[in-house]
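Listed below are the residues making up each chain.
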Number of protein chains: 2
Amino acid sequence: KFAYGKSYRDIIRSIFEKNLEVPDFILFPEKTEEISSILKIAVENNIKIITRGGGSNVVGAFDQKPPAENVQENFAASVNNSSEISNEKKNQGLICSLNMERMNRSVEIDEVSHTATFETGIYGPQLENILGEKGFTLGHFPQSFEYSTLGGWLAMSSAGQESGLYGNIEDMVLWIKVVTPSGIIENIDFPRHACGTGLQNLFIGSEGTLGVITEAKVRIHKKPLKYIWKIALFKNFETGSDAVREIIQSGIHPSIMRLSNEKETMMFSLLKKSEKKGIQTFLEDFFKNRLKAKGYKEPCILMMRFAIRNSSDNKIAETAMDISKLKNGFPLPSAVAASWETSRFSLPYLRDALIKNNVLIDTFETITYWKNQINLYNKVHNSLNTKTDFFTKGGILLCHISHVYETGGSLYFTMMVKQEKGNELNQWLNLKQVVSDSIFENGGAISHHHGVGKDHQFWFNKQIKSGASKLFLAVKNHLDSENILNPGKLCNE
Amino acid sequence: KFAYGKSYRDIIRSIFEKNLEVPDFILFPEKTEEISSILKIAVENNIKIITRGGGSNVVGAFDQKPPAENVQENFAASVNNSSEISNEKKNQGLICSLNMERMNRSVEIDEVSHTATFETGIYGPQLENILGEKGFTLGHFPQSFEYSTLGGWLAMSSAGQESGLYGNIEDMVLWIKVVTPSGIIENIDFPRHACGTGLQNLFIGSEGTLGVITEAKVRIHKKPLKYIWKIALFKNFETGSDAVREIIQSGIHPSIMRLSNEKETMMFSLLKKSEKKGIQTFLEDFFKNRLKAKGYKEPCILMMRFAIRNSSDNKIAETAMDISKLKNGFPLPSAVAASWETSRFSLPYLRDALIKNNVLIDTFETITYWKNQINLYNKVHNSLNTKTDFFTKGGILLCHISHVYETGGSLYFTMMVKQEKGNELNQWLNLKQVVSDSIFENGGAISHHHGVGKDHQFWFNKQIKSGASKLFLAVKNHLDSENILNPGKLCNE
């Protein structure tokens, strides 16, 4: 339970493999001081520390194998090398899983300044409950929300579903305390300042390689009075994407903004067969009767959720719909969003069930500048078409745009195809390699919000420039000179 | 001209001192490659490099003297030590002012993705002109706008007058190229990503100590259709501050939001004697006749400017006024902002004229969390009252809140008093020490947006935690192992 994350590869291995890799022991620290002591002992005894938040990562973040020698040439070799685990362990020392779940206290809530300080082992629901009792929200709702922690969000550069309004984790954090083998690091604690360089950003996205983040002060917000949905259908993904871009570039920030491609829009009507009030009803009706005649043969659905905090927010929502109409957006009643909203944290459960029922299902995501958005989307699709038998075997590629910025938006893909019996891992490795190569070659980030872990390290090392990786390693060497913290992750020497 | 910035101390010295410190020579590079060569030669010949943007800094950023040995005990000693310049120079090598003004090209403007890439020696007006021709703006307007550069903004953690809408320089920058003695550093270039740590933030606010930023890609925005002003008077600074906080915490972001204290509000009617249509007319009328009867004896003026980009922005401006009315905000016609708007970049000229006419005038600024805002404001005022003869000698302390965030707002002070003939520098050193001590002791940042330089280094070194300063020095040692880049600035060993 404590050894694996939730990547497709993790799940497949936990089902099919007999000799599971597990850490040698698990520690459950309760205080920052205990972590300082643990790191001191670890340095003295060559014990490797894999810090664990909620364990919901989908990128092989816990994988303990050192990278294969041919990591630069072959992704499969880098994640799946077959050398003896026992010998490696002998060389690399014992492995300790540092489980943060007992460090889950609320330290301070400042209702005037809208800040809250927590220990970082706190899970999403507990954090939101504590804030909610005082009428506040952090506004960070990744799909892993129920099973992820504040520390995990920080270490993995997390983005939540409501990032459009509340920003990503790096926008929310004001102050952190980090325990490293070289001592405790804290940044200067002000709402904003011009007092030297932004050192705290070194730890956002550091994936456990530089230190253990034990406390964080975050920006919080009054809970909105209510939320309203605005929904529109577009004739294709490209015009929908244009509408999304123009809305955000007009200075409008829905808390959620999600444009589904044709296939994902269709899937909404399949997912909830038993429910007749949701997206299904409307789409079935529109598809069969009205929309096709108007040119919406395979429409793309845009769902926007607006936080209503004051009397101008309703007007903002209307303005967004005005802009979408200029791109032939066909307005739908808000009720169609209800079924998505109630199930928005349950898709990971569905995924696990599908995997056990012989479906390969995996998600991957990227981001690029708007100018390259549709090109990247098409290239990823084409790569599966020309380099694999994914589509000929009935595979389905869903995609949506979410997490949008003035300068670009993330593309979130879901691929589903029948599992190849006895070849489950290699089948996935091949598909993952093809789509990741395509993202890398066509100007996409290898991850917008899932992080690097083991599954993306192969491309991350191609994407990061040499000067930047040397700088990272210099920082790593200063903070963790014995390389006990999640060794072998992020930049390889 | 190229040796000094624009701090009060710089100006006093340029007027009164005979032996001006000047760099040994000035270089005007035109390409990134030339800077690489310059740094290589500098390392080989122990030449110190002071990178210069527009030269508008007000914190002694160009000061070349090494810190005095008793820097931890006495601010005056740290900025004003009297040891022989010539001997020091012999020890520390030649000093080169690296003037970036010829690296002012526009590299790329992407009108779809709203990004623009420039060389960093470009001045504010030229940058805005290039963007303006295509209908765009960066939205970064520090008071130094006319005489400061993109590179200076990045290196000094700049904040502009319209930060409420467009953010600060760290929010605007997507990608940078930095030349360091250890090579060129570039960060991964996407609108946002989860691919490792935020290395680029190391260079924001690095004040020339880590490298020379030669190119930057920034986020740009369509120019608003127009701007509108909303103005209100409050009975005192505290209720005005509450209104500002509640407006921003309701999710409303005026591009400019500026609340003046009682003295600064009064000053508006003195500054423009000849003009009868601006703030003066209204305030004179209101003060004498109507407002005093209603309890606005010494009112505080709040000026808010809203960018009108779409049909909902007018409604947002009205909502802000609704909130201010709940704090007894008395609405004034928008026209009163006109005189401030036309003179908003001219105050530095007025300052220079006043200094030459025997007035000590200096500005200093800080930020704290909202909960501590009025306390900090009062403590700074009290420190001048109890520890100096500032007020008994007729000194005036102006202050405004600007650059507001959900969690806090900056306090921008202006102090004015008659110069002490023959004692100009010590008079300033004493006042600067008293107000800076007060800021430091009462929970304020030693700078919100002016930077550290020499004038704030004494307190910066108290404010930064030891682990963070060691980390900074490790980064410095990796990038600039021979310590040729602006030596002695930021963290001292």
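Predicted model only: the values in this text are computed from it and were never measured.

1. Describing the overall build of chain A
Reasoning step 1: Along chain A, the regular secondary structure elements total 18 helices and 17 strands.
Reasoning step 2: The proportion of buried residues among the 493 residues of chain A is 63%.
Reasoning step 3: Summarising the internal contacts of chain A: among those between residues at least 6 apart in sequence, 76% fall at separations of at least 24.
Reasoning step 4: When the accessible surface of chain A is summed, it comes to about 18,300 Å², and 50% of that surface belongs to carbon and sulfur atoms.

2. Looking at the pairing of strand β12 (residues 256-260) of chain A
Within a regular strand, the side chains alternate between the two sheet faces.
Residue and element names in this part refer to chain A.
Reasoning step 1: The buried fraction of β12 amounts to five of the five residues, a majority that puts the element mostly inside the structure.
Reasoning step 2: Of the pairings in the sheet, the one linking β12 to strand β13 (residues 300-308) comprises four bridges and is antiparallel in character. Across the sheet, I256 pairs through a bridge with R305, a residue of β13.
Reasoning step 3: One ladder, built from two bridges, connects β12 with strand β16 (residues 396-404); its direction is antiparallel. Residue pairing for β16: S260 is matched across the bridge by H400.

3. Quick word on the interface of chain A and chain B
Reasoning step 1: The interface is formed by 86 residues belonging to chain A together with 86 residues belonging to chain B.
Reasoning step 2: Counting each side, the surface lost to burial between chain A and chain B is near 6,600 Å², with a carbon and sulfur contribution of 62%.
Reasoning step 3: Interface area lost by chain A to chain B is led by R192(A), Y369(A) and L471(A), which between them contribute 13%.
Reasoning step 4: Seen at the junction of chain A and chain B, the total is two salt bridges.
Reasoning step 5: When the shortest N-O distance is used, the salt bridge between R192(B) and E170(A) registers 2.7 Å.
Reasoning step 6: Taken together, chain A and chain B are joined by 34 residue pairs in polar contact (both at pLDDT 80 or more).

4. Comments concerning the pairing of β13(A)
All names here are of chain A.
Reasoning step 1: Taken across its nine residues, β13 has nine buried, putting it largely inside the fold.
Reasoning step 2: The alternating pattern of β13 places C300, L302, M304, F306 and I308 and I301, M303, R305 and A307 on opposite faces, both of which are buried.
Reasoning step 3: Of the pairings in the sheet, the one linking strand β11 (residues 226-234) to β13 comprises nine bridges and is antiparallel in character. Residue L233 lies in a different strand from β13, and its bridge partner there is I301.

5. Comments concerning the pattern of salt bridges
Reasoning step 1: Taken as a whole and judged by the stated rule, the model has 32 salt bridges over all chains.
Reasoning step 2: Two residues, D480(A) and K476(A), come together in a salt bridge whose shortest N-O distance is 2.8 Å. Accessibility assignment for this pair places D480(A) and K476(A) in one class, buried.
Reasoning step 3: A salt bridge links D189(B) to K217(B); its shortest N-O distance comes to 3.0 Å. Highlighted residues: D189(B) in the loop between β8 (183-186) and β9 (212-219) and K217(B) in strand β9, separated in sequence by 28 residues.
Reasoning step 4: Look at K217(B) and you get buried, because its relative accessible area is 9%.
Reasoning step 5: Taken together, the salt bridges that share partners define one network made up of D389(A), K393(A) and E420(A).

6. Topic: the sheet that holds strand β1 (residues 25-27) of chain B
All names here are of chain B.
Reasoning step 1: The three strands are arranged β1-β3-β2 in an open sheet whose pairing can be described as parallel. Across the chains shown, the open sheet's two edge strands, defined by having one partner strand only, are β1 and β2 (48-52). Each adjacent strand pair in this sheet contributes to an overall mean axis angle of 30 degrees, direction not counted.
Reasoning step 2: With five bridges joining them, β2 and strand β3 (residues 95-99) adopt parallel strand pairing. From the neighbouring strand, I49 faces β3, where its bridge partner is C96.
Reasoning step 3: Relative to the sheet, helix α2 (residues 32-45) contacts β1, β2 and β3, its axis offset from that of β2 by approximately 150 degrees.

7. Digging into the relation of the copies chain A and chain B
Reasoning step 1: Between chain A and chain B, which share one sequence, the superposing operator has a rotation angle of 180 degrees and an axial displacement of 0.0 Å; the RMSD is 0.0 Å. Expressed as a symmetry operation, the mapping of one chain copy onto the other fits a two-fold axis.
Reasoning step 2: Most of the interface of chain A is mirrored in chain B, where 100% of its interface residues again form contacts.

8. Focus on the sheet that holds β8(B)
Residue and element names in this part refer to chain B.
Reasoning step 1: Taken in spatial order, the five strands make up an open sheet running β4-β5-β9-β7-β8, and their pairing is antiparallel. This sheet does not close on itself; its edge strands, each paired only once, are β4 (106-110) and β8. Neighbour-to-neighbour, the strand axes of this sheet turn through a mean angle of 10 degrees, independent of strand direction.
Reasoning step 2: The sheet contact formed by strand β5 (residues 115-119) and β9 spans five bridges and is antiparallel. Its bridge partner lying in β9, F118 is registered against A216.
Reasoning step 3: Against the sheet, α2 touches β7 (173-180), β8 and β9, its axis set at about 40 degrees to β7.
Reasoning step 4: Across the sheet, helix α5 (residues 124-133) lies against β4 and β5, angled at about 145 degrees from β5, the strand it touches most.

9. Looking at the packing of aromatic side chains
Reasoning step 1: All told, the structure shown has 14 aromatic pairs over all chains when counted by the stated rule.
Reasoning step 2: On the numbers, 4.4 Å between centres and 40 degrees between planes, the contact of F237(A) with Y377(A) is tilted. Taken together, the residues span a long stretch of sequence, with F237(A) in helix α9 (residues 237-249) and Y377(A) in helix α15 (residues 373-387) at a distance of 140 residues.
Reasoning step 3: The interplanar angle of 35 degrees and the centroid separation of 6.3 Å between the aromatic rings of Y8(B) and W428(B) together place this pair among those described as tilted. One end of the pair, Y8(B), is in helix α1 (residues 8-16); the other, W428(B), is in helix α16 (residues 424-441), with 420 residues separating them in the sequence.

10. As for the side chain of S158(B)
Reasoning step 1: When you line up the elements, S158(B) lands in the loop between α6 (150-155) and α7 (163-166).
Reasoning step 2: Not counting residues within four places of it along the chain, the set of residues in contact with S158(B) comprises R192(A), H140(B), P142(B), W153(B), N168(B), I169(B), E170(B) and H449(B).

11. Section: the side chain of Q419(B)
Residues and elements named next belong to chain B.
Reasoning step 1: Looking at where Q419 falls in the secondary structure, it is placed in the loop between β17 (408-418) and α16.
Reasoning step 2: At 3.3 Å, the side chain of Q419 and the backbone oxygen of V359 are in polar contact.
Reasoning step 3: Excluding anything up to four places from it in sequence, Q419 contacts Y8, I12, I355, N358, V359, L360, E424 and Q427.

12. A look at the environment of Q249(B)
Residue and element names in this part refer to chain B.
Reasoning step 1: Mapped onto the elements of the fold, Q249 is located in helix α9 (residues 237-249).
Reasoning step 2: As a C-alpha pair, Q249 and H448 span 199 residues in sequence and 20 Å in three-dimensional space.
Reasoning step 3: Side-chain polar atoms of Q249 contact the backbone oxygen of E406, separated by 2.8 Å.

13. Structural notes on unusual backbone geometry
Residue and element names in this part refer to chain A.
Reasoning step 1: Of note, the phi angle at H403 is positive, near 50 degrees, even though the residue is not glycine.
Reasoning step 2: A positive phi is found at N483, a non-glycine position, where the angle reads about 55 degrees.
Reasoning step 3: In this structure, N483 sits in the segment after α18 (466-479).

14. Concerning the confidence of the model for chain A
Residue and element names in this part refer to chain A.
Reasoning step 1: Mean pLDDT over chain A stands at 88; residues scoring 70 or higher make up 86%.
Reasoning step 2: Long-range and interchain partners of residues 66-72, a stretch whose pLDDT sits below 50, account for 17 contacts in this model, where long-range means more than four residues apart.
Reasoning step 3: Scored below 50 in pLDDT, residues 81-90 makes 14 contacts in the model with residues more than four places away or belonging to other chains.
Reasoning step 4: Under the prediction, the complex receives an ipTM of 0.92, its pTM being 0.92.

15. Some points on the environment of M172(B)
Reasoning step 1: Mapped onto the elements, M172(B) comes out in helix α8 (residues 169-172).
Reasoning step 2: Between the C-alpha atom of M172(B) and that of G139(B), which follows or precedes it by 33 residues, the distance is 9.1 Å.

Definitions and limits used
- Residues numbered from 1 in each chain as written.
- Chains lettered and ligands numbered in written order.
- Predicted model: local features only at pLDDT ≥ 70, side-chain atom pairs only at ≥ 80, totals over all residues.
- Heavy atoms only, no water.
- Helix = DSSP H or I, 4+ residues; strand = E, 2+ residues; numbered from the N terminus.
- Buried < 20%, exposed > 50% of the residue type's maximum accessible area, 1.4 Å probe, protein only.
- Contact = heavy atoms within 4.5 Å.
- Areas by Shrake-Rupley, 256 points an atom, 1.4 Å probe, with all protein chains shown as cover.
- Pairing = 2+ DSSP bridges.
- Buried area = accessible area lost by both parts, 1.4 Å probe.
- Salt bridge = Lys/Arg side-chain N within 4 Å of Asp/Glu carboxyl O.
- Polar contact = N/O pair within 3.5 Å; in protein donor to acceptor, adjacent residues only side chain to side chain.
- Axes fitted to C-alpha atoms, helices over the stretch in contact; angles between N-to-C directions.
- Least-squares fit on C-alpha atoms with pLDDT ≥ 70 in both.
- Phe/Tyr/Trp six-rings, centres within 6.5 Å; stacked < 30°, edge-to-face > 60°.
- pLDDT = per-residue confidence, 0-100.

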